[in-house]
Amino acid sequence: MNSEQIEDFGSLVSRAERLLVISHIRPDGDAVGSLLGLGLMLEELGKEVNFVLEDGVPLVFCHLTGADRVSRKVDGIYDLIIVVDSSDIERIGSVLDEYGEPDVNIDHHPTNTHFARLNIVKDDAVATVEIIYDLALTLSYPISLPVAEALLTGLLTDSLGFRTSNTTPRTLRIAADLMEKGANMQELYRKAMLEKSFEAVRYWGQGLSRIKLQDRLVWTSLNLEDRRIAEYSGRDDADLVNVLSRIRDTDICVVFVEQTDGTVKVSWRSQPGFDVASIATQFGGGGHKPAAGAEIRGDLERVQEEVLEATRKSMGRSGKS
Ligand code: AMP
Ligand code: MN
Ligand code: MN
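Residues numbered from 1 in each chain as written. Chains lettered and ligands numbered in written order. Predicted model: local features only at pLDDT ≥ 70, side-chain atom pairs only at ≥ 80, totals over all residues. Heavy atoms only, no water.

**Examining the packing of helix α3 (residues 128-139) against helix α5 (residues 169-180)**
Put simply, the rule reads: To define axes, lines are fitted to C-alpha atoms, for helices over the stretch in contact only, and angles between the resulting N-to-C directions are given on a 0 to 180 degree scale. Put simply, DSSP H or I for four residues or longer makes a helix, DSSP E for two residues or longer makes a strand, and each gets a number counted from the N terminus. Roughly parallel refers to an angle under 35 degrees, roughly antiparallel to one over 145, roughly perpendicular to one between 65 and 115, and oblique to any angle outside these ranges. In a left-handed crossing the near helix is turned counterclockwise from the far helix by less than a right angle, and in a right-handed crossing that turn is clockwise. We call two residues in contact whenever any of their non-hydrogen atoms come within 4.5 Å of each other.
For the pair α3 and α5, interaxial distance at closest approach is 12 Å and the crossing angle is 65 degrees. Taken as axis vectors, α3 and α5 run roughly perpendicular relative to one another. For α3 against α5, the interelement crossing comes out left-handed. Facing Glu130, Tyr133, Asp134 and Leu137 of α3, the residues of α5 in contact are Arg170, Ile174, Asp177 and Leu178.

**Structural notes on the coordination of the manganese ion (ligand 2)**
The following threshold applies: In this description, a donor is an N, O or S atom within 2.8 Å of the metal centre, a cutoff extended to 3.2 Å for sodium, potassium and calcium. Water is not part of the atom list, which can make sites seem incomplete.
The coordination sphere of the manganese ion (ligand 2) contains the protein donors His24 (NE2), Asp28 (OD), Asp28 (OD) and Asp85 (OD), at a distance range of 2.1 to 2.6 Å. The sequence pattern formed by the donor residues of the manganese ion (ligand 2) is H-x3-D-x56-D. Between the manganese ion (ligand 2) and the manganese ion (ligand 3) the interatomic distance comes to 3.7 Å, and Asp85 is a ligand of both metals.

**What to know about the packing of aromatic side chains**
What counts is decided by this rule: Two aromatic rings from Phe, Tyr or Trp, using only the six-membered ring of Trp, form a pair when their centres are within 6.5 Å; if the ring planes differ by under 30 degrees the pair is stacked, by over 60 it is edge-to-face, and anything between is tilted. Burial classes follow relative accessibility: with a 1.4 Å probe on protein chains only, a residue under 20% of its type's maximum area counts as buried, one over 50% as exposed, and anything between as partly exposed. As a reminder, the over-ring test applies to NZ of lysine and CZ of arginine, requiring each to be within 6 Å of the ring centre and within 35 degrees of the ring normal.
If you walk through the whole model with that rule in mind, you get two aromatic pairs. Pairing Tyr203 with Tyr232 gives two aromatic rings, centres 4.5 Å apart and planes at 15 degrees, and the pair type is stacked. Of the two residues, Tyr203 sits in helix α7 (residues 198-208) while Tyr232 sits in the loop between α8 (224-230) and α9 (240-244), which places them 29 residues apart along the sequence. Judged by its relative accessible area of 1%, Tyr203 falls in the buried class. Lying over the aromatic face of Tyr78, Arg18 brings its terminal NZ or CZ to 5.0 Å of the ring centre. If you follow Arg312 out to its NZ or CZ, it ends over the ring of Trp219, 5.6 Å from the centre.

**Some thoughts on the domain arrangement of the protein chain**
To keep it simple, the criterion reads: Where each domain begins and ends follows an automated or database-derived domain assignment. Defined in terms of a 1.4 Å probe, buried area is the accessible area two parts forfeit on being brought together, summed over both. The rule for a salt bridge is simple: a side-chain nitrogen of Lys or Arg has to be within 4 Å of a carboxyl oxygen of Asp or Glu.
When its domains are assigned, the protein chain resolves into domain 1 (3-193) and domain 2 (198-315). On a C-alpha basis, the centroid separation for the pair domain 1 and domain 2 is 26 Å. Approximately 910 Å² of surface area, both sides summed, lies buried where domain 1 meets domain 2, with 48% of it carried by carbon and sulfur atoms. The tally of links between domain 1 and domain 2 comes to two salt bridges. One salt bridge in this structure joins Arg235 and Asp55, with 2.9 Å as the shortest N-O distance.

**Topic: the pattern of salt bridges**
Evaluation of the coordinates by the stated rule reveals 19 salt bridges. Between Glu130 and Lys122 there is a salt bridge, and its shortest N-O distance comes to 3.7 Å. Summarising the burial analysis for this pair, Glu130 and Lys122 share the class buried. Between Arg228 and Glu225 there is a salt bridge whose closest N-O contact spans 2.8 Å. Residue Arg228 and its partner Glu225 are both found in helix α8; the two are separated by three residues, about one turn of the helix.

Structure, rendered in structure tokens:
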């Protein structure tokens, strides 16, 4: 991100009246936080803003201001379309299919494909909300309490509560500034990251009951039957991968989640020194070195076999499970 890009962004915004902000499917805290944080900020500048997430806002982020205004489809005509926290255009689903290339892409994934007219990509940012915070500082956009809450949520969730290795003193200074603007960090942390539904923890139980460990690689899977038994309503892993990543003396963990559309959602997490984004990109996905994902067509068993083989290879190991 250079000063020319920030200026370009500022002039695009100042010329636009009707703006659309979009983020990725299966939205996480950074997707929702950057969507709402940027959108509400632009509204305070007097813009008309619409918010779109193809999958809607997950329950754990529904307390954020503006969450009830997020649509699942794009409707109407816009002067400026901004996509946030999405490494490629497929990540937002099919909501823009009739609209063509977006105007602005704001993101922090090293695997970003620069799919918009203006691409503001900073891969050392802990979260996309950090880039939005920097845009606000440079362009003197206001950070109200609802904006601060949205931005702090993105910062907390993508850094796993300031635990990831890319967390810097500056990350904490931004968080401190957002707290000084009135955001209640403990409350935001509890709602977005700590609290789980009973069904989600029961769903973890299904996955944990068949967890495997081999040569510092840990994995498990969640099939549609597990989801039914646990009465879990989401189609994600309920964050089980972040439970697996806590197991001592392991390098990489993988969770496979069977989907109803004939694909498998795969999530990788790794310790420093391993790059799971490069494995995910082999399967059409993406992400960061320590955290990556992909949606892979095929049945659970076959996808699991292929992914584990590629993962072992990248770890410099081979052998069958
Ligand atoms: P997840 O495993 O879904 O929590 O995602 C971990 C990281 O990988 C996040 O930064 C995601 O944005 C990214 N990611 C997940 N799935 C995909 C995908 N299909 N394509 C590109 N990036 C992905
Ligand atoms: Mn995200
Ligand atoms: Mn992010």
